[in-house]
Amino acid sequence: MEFRPCIDLHSGKVKQIVGETLGTEGKAIIENFVSSFDSKYYAAMFKKDQLVGGHVIMLGDGNQDEAVSALQEYPGGLQIGGGIHAENAMYYLDRGASHVIVTSYIFRDGQLNQENLDRIVDKVGKKRLVIDLSCKEKDGKWFVATNQWKQLSDFELNEENIRFLEQYCDEFLIHAVDVEGKQSGIQQSLVRTLAEWVTIPTTYAGGARSFEDIELFKQLSAGKLDITIGSALDIFGGNLSYDQVVAYMKEQ
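Presented here is an overview of the structure given in this document. (Residues numbered from 1 in each chain as written. Predicted model: local features only at pLDDT ≥ 70, side-chain atom pairs only at ≥ 80, totals over all residues. Heavy atoms only, no water.)

Focus: unusual backbone geometry
Here Q50, not a glycine, exhibits a phi torsion of approximately 55°, which is positive. For Q50, the position within the fold is in the loop between helix 1 (39-48) and strand 4 (54-58). In this structure, D109 is a non-glycine residue whose phi angle is positive, near 55°. Residue placement: D109 occurs in the loop between strand 7 (107-108) and strand 8 (111-112). When its relative accessible area of 73% is taken as the criterion, D109 is described as exposed. (Helix = DSSP H or I, 4+ residues; strand = E, 2+ residues; numbered from the N terminus. Buried < 20%, exposed > 50% of the residue type's maximum accessible area, 1.4 Å probe, protein only.)

Pasting the structure below:
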C-alpha cells in the first residue's frame with residue numbers, strides 16, 4: 001500500500017472539488033479548497049518526499065500551463081489526466097508525465113469504445129497508460145462514470161471486465177464518485193471487491209479522512225491497493241497531517 005498524491009486543477013488553480021458537482025447545470029461547483037500556491041509548489045513537495053505515481057487532473061479547460069509546470073518540476077513522478085486522447089497524449093509524456101490517464105476518451109456514449117482504446121494503446125503503449133474506472137453504485141453493482149462523472153456508462157466493474165482491461169494498461173485509477181471529496185469515509189464494499197479482482201497496480205480515491213480510514217483501507221484491501229487522499233489533508237485545507245500520512249505510509 002502506497003500513498004499517491006494528487007494535484008487537481010480547475011480554472012488554472014489547484015483546488016479540491018466535490019467532483020460530481022462539476023458541469024452540473026444550474027448548480028454551483030462545490031469547492032472544498034482553493035490553494036494560494038501553484039501546481040509547481042505541490043509537485044516540488046511530492047518530489048522532495050519521494051512520492052511517485054501521483055496524478056495531475058485537469059478539470060476542464062484552462063489548466064494546461066499549470067499541468068505542464070507540475071510535470072516539468074517532477075519529471076517521471078506524476079501521471080496526468082483530464083481531456084487526454086490519442087492526439088495529445090504524447091505532448092504530456094514528452095513534458096515529463098510518467099503515464100497518461102484516460103476515461104471519457106475510451107468510454108463514448110455510455111459504452112466502451114474499443115477503437116479509441118486500441119488507438120491510444122498504439123500511440124503511447126500499455127506501460128504508459130492508466131485507465132480511470134471511477135464509478136458509481138447502482139442496484140448493488142458498480143458502473144463507470146464518465147464526462148466529469150455526469151454520465152453513467154453501461155460498463156460494469158466486475159472481475160471479467162477488470163481482467164479484460166488489464167491487457168491494455170499499466171494501472172487503474174478508481175474514484176468512488178459517491179463519496180469523493182466529501183470526507184465521509186471510504187467506500188468499503190468497493191475497496192474490498194477491487195482488492196479481490198485486480199492484478200495490476202490500482203489506486204483508490206474517495207472519502208478517506210483519518211488514520212482510522214487509512215487503517216480500515218489497509219485491512220479491507222489486504223495492502224493490495226494504493227490510496228489517494230485529497231480534501232482531508234492539511235495541505236488542501238483539511239485536518240489530516242500530510243507529513244504524518246507520508247511518514248506513516250513509508251513505514252508500511
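Let's talk about the packing of aromatic side chains
Considering all chains together, one arrives at 11 aromatic pairs under this definition. Taking 5.2 Å as the distance between ring centres and 65° as the angle between the ring planes, the aromatic pair formed by F107 and F155 counts as edge-to-face. One end of the pair, F107, is in strand 7; the other, F155, is in strand 12 (residues 151-156), with 48 residues separating them in the sequence. For the pair formed by F107 and F155, the shared burial category is buried. Among the aromatic residues, those joined into a cluster by ring pairs are F33, F37, Y41, Y42 and F236. (Phe/Tyr/Trp six-rings, centres within 6.5 Å; stacked < 30°, edge-to-face > 60°.)

What about the packing of helix 7 (residues 211-221) against helix 8 (residues 242-251)?
For the pair helix 7 and helix 8, interaxial distance at closest approach is 12 Å and the crossing angle is 25°. Regarding the angle of helix 7 to helix 8, the classification is roughly parallel. Taken as a pair, helix 7 and helix 8 cross one another with a handedness that is right-handed. Counted together, F211, I214, E215 and K218 of helix 7 and Q244, V245, Y248 and M249 of helix 8 form the full contact between these two elements. (Axes fitted to C-alpha atoms, helices over the stretch in contact; angles between N-to-C directions. Parallel < 35°, antiparallel > 145°, perpendicular 65-115°, else oblique. Left-handed = near helix turned anticlockwise from the far one by under 90°. Contact = heavy atoms within 4.5 Å.)

A closer look at the sheet that holds strand 12
Strand order in the open sheet formed by 3 strands is 10-11-12, with antiparallel pairing between adjacent strands. Looking at strand neighbours, the two that pair on one side only are strand 10 (135-138) and strand 12, the edges of this open sheet. Neighbour-to-neighbour, the strand axes of the sheet open up by a mean angle of 45°, direction not taken into account. The sheet contact formed by strand 10 and strand 11 (residues 141-146) spans 4 bridges and is antiparallel. In the strand pairing of strand 11, C135 is matched with V144. (Pairing = 2+ DSSP bridges.)

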